[in-house]
Every structure is written in structure tokens, then in C-alpha cells.
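Commentary on secondary and tertiary structure
Chain by chain, the residues run as shown.
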Amino acid sequence: KSKGRRQKLNYSAFCLLLSDFTMGQFAALILAFLLFAFLVQVDFVFYIVYVFLGIYAWSRWMTPRALNGVEVTRTFNDHAFWDEEVFITITLRNTKRIGLTWLQVRESIAVDLMSRQSANQVLNLRGRETISLIYSVKARNRGNYKIGPVTLKTSDLFGLFPDQTKMLAANY
């Protein structure tokens, strides 16, 4: 019984260690592998170093540019009667040839308008692809309500660089 618990603690410590892995530590790991590869003269270790260098270079180049070609729009009917359902469409368009491995879309909605559906999703956006997210809200009370902002968030696949964020302003 205690052995299983010890394994679980070790696994969670390992996950915590990986989540705190910074770019400097990754570069140090590459250098350590390179030194090891020169010492043992094994081709497979050189291959691992090349893969790590490729991951580092791609992440360093791609992450700051990830959201440059992503366009986001929101369309909806801005007038509603009591108890009427309003459909909101968020359109994401990637104008670049390179896709996004993961893209988190988060839409803020006034509490009085919330329904069972949610516009908060994590998705994959391929190159030159357009995706429409459709959800509905219900007009339960009179007044002007805030819909938005839409927040887009992405990073590299390995989490080596900080997340990149883009926002679409709120509508009323």
C-alpha cells in the first residue's frame, strides 16, 4: 500500500519538475547530451542531440509568431427579446500556411446570459483553415450585457516558451 503511494508521489514530483523546466535548463540539457555524445562516440546520442536542437530552434522561431496570422471575429444579433435565444459565432481564420498545434479560445460572457453551452475550447487550427464556434445565450433580463473579450492563447508543443496571447475586444 505504501509502495503505491510512494510511486504516485514520485510521479507527481516528476511532473512538477517537467512543468518548471525552463529554456535555460533545456539548453543545458542539450549541451550535456552533446558532451556525452563526444565522450562515447555513439551515433544514436548525436541523433538525440540533433532532435533536441531542432525542437529548440523550431520553438524559438515559431512561438513568438504563432498568433500573427490568426484573425478572430464575433457575429451575433445585438437585440433580443425576453427569453429569446441569441446565437453567437466566433470565427477563427488562420491566414498562414503553418498551423497551430493547440489554440485555447476563451470567451467571457455576462453571468445573466450564461447557458449550458460554452465557447471555451482548445482546438487545432491548420494552415489556411477557418473554424466557426457557435454557441447560444438566453436573454433572461432586460439591459445591456457584455459579451467578450475573446482570448486566444497558444505556445509551443513542449511548453518551453511562454504562452502567446491575442484578444478581441468585448461587445455590448
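Quick caveat, the model's predicted, so the values are computed rather than measured.

Here we come to the overall build of the protein chain. When you go through the protein chain residue by residue, the secondary structure sums to three helices and seven strands. Seen in sequence order, the protein chain has helices and strands lined up from the N terminus as α-α-α-β-β-β-β-β-β-β. Split into buried and exposed, the 172 residues of the protein chain put 31% on the buried side. Of the contacts formed within the protein chain by residues at least 6 apart in sequence, a portion of 66% connects residues at least 24 apart.

Further remarks concern the nonpolar core. Of all hydrophobic cores here, the largest spans 25 residues; its most connected members are Leu-92, Leu-103 and Leu-152. Those elements that place two or more of their residues in this core are β1 (70-75), β2 (85-94), β3 (100-109), β4 (121-125), β5 (130-138) and β6 (147-154). Once residues lying within four places of it in the same chain are set aside, the contact partners of Leu-152 are Leu-67, Val-70, Val-72, Leu-92, Leu-103, Gln-104, Val-105, Gln-164, Thr-165 and Lys-166. If you look at the next biggest cluster of nonpolar residues, it comprises five residues, including Phe-26, Ile-30, Leu-160 and Phe-161.

Take the environment of Phe-52 next. Positionally, Phe-52 belongs in helix α3 (residues 43-62). Here the alpha-carbon distance between Phe-52 and Phe-33, two residues 19 residues apart in the chain, equals 9.3 Å. Apart from residues no more than four positions distant in its own chain, Phe-52 is found in contact with Phe-26, Leu-29, Ile-30 and Phe-33.

Further remarks concern the sheet that holds β2. The three strands are arranged β1-β2-β5 in an open sheet whose pairing can be described as antiparallel. Looking at the sheet topology across the chains shown, the edges are occupied by β1 and β5. Averaged over neighbouring strand pairs, the angle between their axes works out to 15 degrees when direction is ignored. Direction of pairing for β2 relative to β5: antiparallel, over a ladder of nine bridges. Bridge pairing in β5 links Arg-93 to Thr-130.

Attention shifts here to the pattern of salt bridges. Think of it this way: side chains of opposite charge can pair up when their charged atoms draw near. Enumeration according to the criterion identifies five salt bridges in this entry. Here Glu-129 ties to Arg-126 by a salt bridge, and the two come within 3.5 Å at their closest N and O atoms. Of the residues examined, Glu-129 reaches a relative accessible area of 17% and is grouped as buried.

Parameters and conventions
- Residues numbered from 1 in each chain as written.
- Predicted model: local features only at pLDDT ≥ 70, side-chain atom pairs only at ≥ 80, totals over all residues.
- Heavy atoms only, no water.
- Helix = DSSP H or I, 4+ residues; strand = E, 2+ residues; numbered from the N terminus.
- Buried < 20%, exposed > 50% of the residue type's maximum accessible area, 1.4 Å probe, protein only.
- Contact = heavy atoms within 4.5 Å.
- Core = buried A, V, L, I, M, F, W, Y, C linked by side-chain atoms within 4.5 Å.
- Pairing = 2+ DSSP bridges.
- Axes fitted to C-alpha atoms, helices over the stretch in contact; angles between N-to-C directions.
- Salt bridge = Lys/Arg side-chain N within 4 Å of Asp/Glu carboxyl O.

That is the geometry; function is a separate question.
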